[in-house]
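# Structural description and commentary
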Amino acid sequence: MASIDIAEIRKSYGPVPVLHGIDLSIHDGEFVVLVGPSGCGKSTLLRMIAGLEDISAGEIRIDGRRVNDLEPKDRDIAMVFQSYALYPHMTVAENMSYSLRLRRTAKERIAAAISGAASKLGLDALMERRPRALSGGQRQRVAMGRAIVRAPKAFLFDEPLSNLDARLREQMRGEIKKLHQSLGATSIYVTHDQIEAMTLADRIVAMNSGVVQQVGSPLDLYDRPANLFVAGFIGSPAMNMFDGTYRASGPVIEVEGGHRISLPSALQVADGTRITIGIRPEHIPVGRAGESGIPAKVELVEPTGLGTILHVRPFGATVKAFTLSRDATAVGDTVAIRLPVERLHLFDGQSGQRVS
Amino acid sequence: MTRPKRIIGTVAHRGAILLYIVFALFPLYWLLKVSVTPNDLLYSEGVRLWPSRTSIEHYLFVLEHSDFPRFFRNSVIVSGATAFIVTILASCAGYALSRFTFRGKYWIVALMLLTQMFPLVMLVAPIFKMLSPLGLTNSLTGLVIVYVAFNVPFATFLMQSFFDGIPKDLEEAAMIDGATRFRAFSQIILPLTLPGIAATLGFVFTAAWSELLFALMLISSAGASTFPVGLLSFVSKFSVDFGQMMAAGVLALIPACLFFLFIQRYLVQGLTAGAVKG
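Residues numbered from 1 in each chain as written. Chains lettered and ligands numbered in written order. Predicted model: local features only at pLDDT ≥ 70, side-chain atom pairs only at ≥ 80, totals over all residues.

### Digging into the overall build of chain A
Helix and strand counts for chain A stand at 8 helices and 20 strands. By its C-alpha atoms, chain A is 75 × 45 × 35 Å across when sized along the principal axes. Out of the 356 residues belonging to chain A, those deemed buried represent 40%. (Helix = DSSP H or I, 4+ residues; strand = E, 2+ residues; numbered from the N terminus. Buried ≥ 20, exposed ≤ 12 C-beta atoms within 10 Å, placed from the backbone.)

### Here's the deal with the domain arrangement of chain A
Residue and element names in this part refer to chain A. We note that the domain assignment places domain 1 (4–233) and domain 2 (240–348) within chain A. Taking only C-alpha atoms, the centre of domain 1 and the centre of domain 2 are 39 Å apart. With 5 residues of domain 1 at the interface, the matching set in domain 2 holds 5 residues. (Domains from an automatic or database assignment. Contact = placed C-beta atoms within 7 Å.)

### Details of the interface of chain B and chain A
Each side of the interface is counted separately: chain B has 21 residues, and chain A has 25 residues. Only α8 (168–177) and α9 (181–192) of chain B provide two or more residues apiece to the side of chain B that touches chain A. Per-element accounting of the side of chain B that touches chain A gives the leading share, 7 residues, to α8(B).

### Focus on the packing of helix α4 (residues 68–99) of chain B against helix α10 (residues 194–209) of chain B
Residue and element names in this part refer to chain B. α10 packs onto α4 with a crossing angle of 140° between their chain directions and a minimal axis gap of 8 Å. Considering their axes alone, α4 and α10 lie oblique with respect to each other. Of the two possible hands of crossing, α4 and α10 adopt the one that is right-handed. Residues Ser 75, Val 78, Ser 79, Thr 82, Ala 83, Val 86, Thr 87, Ala 90 and Ser 91 of α4 form the contact with α10, whose own contacting residues are Ile 197, Thr 200, Leu 201, Val 204, Phe 205, Ala 208 and Trp 209. For the contact of α4 with α10, a count of residues per class yields 10 nonpolar, 6 polar and no charged. (Axes fitted to C-alpha atoms, helices over the stretch in contact; angles between N-to-C directions. Parallel < 35°, antiparallel > 145°, perpendicular 65-115°, else oblique. Left-handed = near helix turned anticlockwise from the far one by under 90°. Nonpolar A, V, L, I, M, F, W, Y, C, P; charged D, E, K, R; others polar.)

### Some thoughts on the nonpolar core
Membership of the largest hydrophobic core comes to 140 residues, with the highest contact counts inside it found for Val33(A), Leu156(A) and Leu143(B). Ranked by residues supplied to this core, first place goes to helix α7 (residues 140–164) of chain B with 13 residues. Residues contacting Val33(A), with those up to four places away along its chain left out, are Tyr189(A), Thr191(A), Ala197(A), Leu200(A), Ala201(A), Ile204(A) and Val205(A). In terms of nonpolar packing, the next biggest core, distinct from the first, is built from 11 residues, Phe71(B), Phe227(B), Phe234(B) and Met245(B) among them. (Core = buried A, V, L, I, M, F, W, Y, C linked by C-beta atoms within 7 Å.)

### Some thoughts on the pairing of strand β14 (residues 274–279) of chain A
Residue and element names in this part refer to chain A. Pairing between strand β11 (residues 240–247) and β14: 6 bridges, direction antiparallel. In the sheet register, Gly 244 faces β14, and the bridge partner there is Ile 275. Across 4 bridges, β14 lies against strand β20 (residues 345–348) in antiparallel orientation. Looking at β20, one finds that Gly 278 is bridged to His 345. (Pairing = 2+ DSSP bridges.)

### Points about the domain arrangement of chain B
Residue and element names in this part refer to chain B. Each assigned domain of chain B is listed here: domain 1 (3–55) and domain 2 (66–267). Using C-alpha coordinates to define each centre, domain 1 is positioned 32 Å away from domain 2. Between domain 1 and domain 2, the contact holds 7 residues from the first and 6 residues from the second. Only α1 (3–35) and α2 (39–42) provide two or more residues apiece to the side of domain 1 that touches domain 2. The element best represented in the side of domain 1 that touches domain 2 is α1, accounting for 4 residues. Looking at the side of domain 1 that touches domain 2 residue by residue, the class counts come to 4 nonpolar, 3 polar and no charged.

### Points about the environment of Thr273(A)
Residue and element names in this part refer to chain A. Looking at the secondary structure, you find Thr 273 in the loop between β13 (259–262) and β14. Residue Thr 273 is classed as partly exposed on the basis of its 18 C-beta neighbours within 10 Å. It is 47 Å that separates the C-alpha atoms of Thr 273 and Val 80, two residues lying 193 residues apart in sequence. With residues up to four places along the chain from it excluded, the contact list for Thr 273 reads Tyr 246, Asp 348 and Gly 349.

### Quick word on unusual backbone geometry
All names here are of chain A. Here the bond from Ser 236 into Pro 237 is cis, since omega is -5°, no more than 30 degrees from zero. Assignment of secondary structure puts Pro 237 in the loop between α8 (228–233) and β11. Following Gly 250, the chain continues to Pro 251 via a peptide bond in cis, the omega torsion being -15°. Structurally, the position occupied by Pro 251 is in the loop between β11 and β12 (252–255). In the Ramachandran plot, Asp 63 falls in the positive-phi region, its phi being about 55° despite a non-glycine side chain. Secondary-structure assignment places Asp 63 in the loop between β4 (57–62) and β5 (65–66). Residue Asp 63 is classed as partly exposed on the basis of its 16 C-beta neighbours within 10 Å. Unlike most non-glycine residues, Asp 76 shows phi in positive territory, near 55°. Checked against the element boundaries, Asp 76 lands in the loop between β5 and β6 (77–80).

### Observations regarding the confidence of the model for chain B
All names here are of chain B. Overall, the prediction assigns chain B a mean pLDDT of 86, with 95% of residues at 70 or greater. In the predicted structure, residues 270–275 sits below a pLDDT of 50 and forms 22 contacts with residues beyond four places in sequence or in another chain. Interface confidence in the predicted complex, given as ipTM, is 0.85; pTM for the same model is 0.80. (pLDDT = per-residue confidence, 0-100.)

### Focus on α8(B)
Residue and element names in this part refer to chain B. The element α8 is largely enclosed, with a buried count of 8 among its 10 residues. Those residues of α8 lying buried are Leu 170, Glu 171, Glu 172, Ala 173, Ala 174, Met 175, Ile 176 and Asp 177. Downstream of α8 by a residue or two, Gly 178 has a phi angle that is positive, lying close to 120°.

### Here we look at the environment of Asp348(A)
All names here are of chain A. Relative to the helices and strands, Asp 348 resides in strand β20. Given 19 C-beta atoms within a 10 Å radius, Asp 348 is considered partly exposed. Expressed as a C-alpha distance, the spacing of Asp 348 and Arg 203, which sit 145 residues apart in the sequence, is 26 Å. Contact partners of Asp 348, with chain neighbours within four places excluded, come to Val 269, Thr 273, Ile 275, Gln 353 and Val 355.

### So, the sheet that holds strand β2 (residues 16–26) of chain A
Residue and element names in this part refer to chain A. Read across the open sheet, the 4 strands follow the order β2-β1-β4-β5; overall the sheet is antiparallel. Single-partner strands in this sheet number two, and they are β2 and β5. Here 8 bridges tie strand β1 (residues 4–13) to β2, and the two strands are oriented antiparallel to one another. Across the sheet, Ile 4 pairs through a bridge with Ile 26, a residue of β2. Across the face of the sheet, helix α1 (residues 42–50) comes into contact with β1, β2 and β4 while running at roughly 115° to β1.

Structure follows, in structure tokens:
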């Protein structure tokens, strides 16, 4: 178990910068998820921690020790790859014991370690099989088993569930979380799937274009996204965004179509500033036509089973609203939606930074 | 497709394959046929698929009274050494080209391709000029050096393509597991490249085994001749000893066949199945 400190890490391929100075402190035993769209640099950062990519500038410390110039083998970390990367010419048992054999661990200790890991992961019956005789989920388990037999300082996960189908992914997600609870190991997990990030993380690091956008607990990011990127990335269905103009007299925000949203207190921005208003679909109450609220025409109805996603058009923009009610609402109906001011996220239209 | 149509299609398909196999194997068959035909029947019986009487006299003569065993031994040494050295060099070079980016990589690849562009005949004279003062003409070592030089570029590209087919993740996983890059290469990547190594060994071995031009130009003594050159010794000024020549040819096929028999199980692809999600 160890802490990992990342200071001013930069990475560029030739003249192209990929990471623009990342600072991050990961505490002992913490489960941190790096989340962002593909190409945001999250995998590169993970690979730099593992020692698979050179560090252009900055410093990485594992357990207080600078590891910039250490070979991957000397960093004492384990990694689970998206492709699993099992050694195809070795059995499951050999795959899991390879790292211990390289370290010349005593045979009895190797046997104990792999049988412990195998029973933890339900692999006992498969130990003599080759990877090609395993299903996707079993391969995934072997890859995790290979990581845990070593009891490393930290676990790195590079999109480990991306190759699994939806149901298996959900199941393995639960298993990874359980595993972390029982081992308590420092873990860094890279994913582009915000649901994995929300469910697994102690802390989420949201990244975009090589820059950390926000670091916080899953609920922090959900409740108070620091900018438009995080607001749009976290949450499903995605947050509604529409533009308005701030009027200090009131204070109100004027939305297209003449609607005015009164604010409880003034914002720290100049009168006339363009504001992007965000509200999550699940925070928009939907009422029948004629009830209080903004009348809106239903354009699309998406039942999810749990509830229904309505695409409605109260003013210029289309707004998605999620409702648990199963009232038969059809395309073309008119409903009344409300935009509760305490649920609104307000962002500067120019910089995208949160202003509320 | 209807049933009769399908049957016709299958028959045509199989027929075409059969035709090709007959076409490809017929020269080998003729080699064998002539090698067992006694001299007195060779010209007297006309063209027949099998002689009325067979004998192994040519084989006995070739083995007991000609220089053929020595040619044979020379060929085994030259081809074996060439295949071995080329495969080692090509494995290392192919791995480097597949995995690393380094300064001058582009130019090295371009130069290697350039060497493949010239007809070998053009290079015989300069190579003779270079090897002669070094005392490497008339020597098996000289021949091995030349063969290695000519076979390394193609073998490197061949090995590179095999390494390209092996996911990088595997050696990265090994390196994180505690292996050095060399250990990851030798314990994880090489075993998975066995089909590629077998293919390269086989390719280079047969290329060296049947090479005539350089063997003929660089070697003048019978003591250092390889078997393709030796075959020519059955051609004399006034006659060609077809029976003995063919018998020698059949014997020369044996090591190549054995070699492929030995490596064929590695040529079967699919060793990497299951490593990563396909």
